[in-house]
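Descriptive analysis of the structure
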Amino acid sequence: MISEDRIRALAGHRGSCVVTSCYLDVDGRRHPRHADYETQLDHLVRQGRDKAAGFGLEAARSVTGDLDRIVTWVRSGFDRSGVRGLAFFACSADGFFEVVESPLPVRNGVVVNHTPHVRPLESILQAYERFAVVLVDRQRARLFRFELGELTEHTEVFDAVPRGGDQSGHPAQGSRGAAVQHHSDEVAHRHLKHAAEVTFGELRDHPVDHVILGGPHEVVVEFEGLLHPWIRERVADRLAISTTAGPDEVRQAALCVEAAVTRRVEATLVERLRDAVGAGGGVAGLEPTLAALVERRVDLLLVSDGYEPEGWRCPSCRYLGPLGRRCPVCANSMDLVDDVVEEAVEEALANKCRVQMVRENADLDVLGRIGALLRF
Ligand SMILES: [Zn+2]
């Protein structure tokens, strides 16, 4: 699991030889079969070997060992439920090998360097959306958190409905029945108010980005009306999940809402990009986006997932461009790189720009599959 402590520990690793950092997208929604991501891994292994060649013979031997171990780890099978990306950090010369399982997708890539390449993990930790799930009925409420793919239950509120009250919400029979029903409705209302207060307390102390409500429709409607406005405006969806639901059911529901929220967030950003391009506050397409990055004008980089065009990098001034071989800035000879977008993402993260991978958004594809909102 990703955590700040874990990233800090990895970033602090210093060894006697180079470290291989390898990121592999194993998202089951995009790679339903093992063979789909194993082909990607073969490609990364070849890239890793090429990159190691520049560090000398001993380093190349260590990196080959790292890549073999990574391949063995992936081929031997792992539990894919809740894992959408893998990050490997290895140095066989030092016997160092760590795997970080990510609940969010990662972009494929391999880096050989003296320290572990943790920036993509940092960007996941920075960008993930936090969810709360609140399940309610007339006498019970349960609050869960869903963060980085992990579901944890936090609070339960129980206010028993008086005897004779009907928890199902159907009116009781007769005039005495009506009085009992009225009383039971009042008790249920007090319970929902209580649950709304507890929810506010919890989420005020540990805020989330989105709230998912679950329970019988009319109860959820009443509960939502009682929530603090600050929480109400974070309600992302209302679902018919029972308060007795098991963790798997709650988790599955949260995953579905998370996917929908992610698509919404991405679509909003792409829309902002399109407007910004028209107004001069954004750029779209490979060449203008790379130019803006080199000029350090990028605030947010948007990349269509799977966009991996060739390009050029200047080893002396770090210029990035789609055409080589002479650097237009310093006139040096540039290096051909097989995925210039990977270099661009790297550059963006190093400059503390936000990076958003966008999946299945046709509007960004029309804009040229890459673009950036500018700082100035
Ligand atoms: Zn240059």
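Residues numbered from 1 in each chain as written. Predicted model: local features only at pLDDT ≥ 70, side-chain atom pairs only at ≥ 80, totals over all residues. Heavy atoms only, no water.

Quick notes on unusual backbone geometry
Each neighbour pair has its own omega, and for G324 with R325 the value is 0 degrees, a cis peptide bond. Relative to the helices and strands, R325 is located in the loop between β13 (320-321) and β14 (335-337). Unlike most non-glycine residues, R296 shows phi in positive territory, near 60 degrees. Here R296 is to be found in the loop between α9 (286-294) and β11 (298-304). Located in the positive-phi region is K352, a residue other than glycine, with phi close to 65 degrees. Mapped onto the elements of the fold, K352 is located in the loop between α10 (340-350) and β15 (354-358). Here K352 falls in the exposed class, since its relative accessible area comes to 74%. (Helix = DSSP H or I, 4+ residues; strand = E, 2+ residues; numbered from the N terminus. Buried < 20%, exposed > 50% of the residue type's maximum accessible area, 1.4 Å probe, protein only.)

Points about helix α3 (residues 57-75)
Since one α-helical turn is 3.6 residues long, residues separated by three or four positions face the same way. In a regular helix each residue adds 1.5 Å, so 19 residues correspond to 27 Å; α3 covers 27 Å between its end C-alpha atoms and thus fits that length. The complete set of buried residues in α3 reads A59, S62, V63, D66, L67, I70, V71 and V74. Lining the buried residues of α3 we find β1 (19-25), α2 (34-53), β2 (85-91), β3 (96-102) and β4 (109-113). Downstream of α3 by a residue or two, G77 has a phi angle that is positive, lying close to 90 degrees. (Expected span 1.5 Å × (residues − 1). Contact = heavy atoms within 4.5 Å.)

Considerations on the side chain of D305
For D305, the location among the structural elements is in the loop between β11 and β12 (311-313). Here D305 is in contact with R30, V358, R359 and R369, once residues within four sequence places are set aside.

Focus on the packing of aromatic side chains
Applying the stated rule across the entire model yields seven aromatic pairs. Every member of this aromatic cluster is reached through a ring pair, and the members are Y37, W73, F78, F88 and F97. (Phe/Tyr/Trp six-rings, centres within 6.5 Å; stacked < 30°, edge-to-face > 60°.)

Section: the sheet that holds strand β7 (residues 150-158)
Pairing is mixed across the open sheet formed by five strands, whose spatial order is β7-β6-β5-β8-β9. The open sheet has two edge strands with one neighbour each: β7 and β9 (235-239). The sheet shows a mean angle of 20 degrees between the axes of neighbouring strands, taken without regard to direction. Note that strand β6 (residues 140-147) and β7 share eight bridges and pair antiparallel. Looking at β7, one finds that A141 is bridged to V157. (Pairing = 2+ DSSP bridges. Axes fitted to C-alpha atoms, helices over the stretch in contact; angles between N-to-C directions.)

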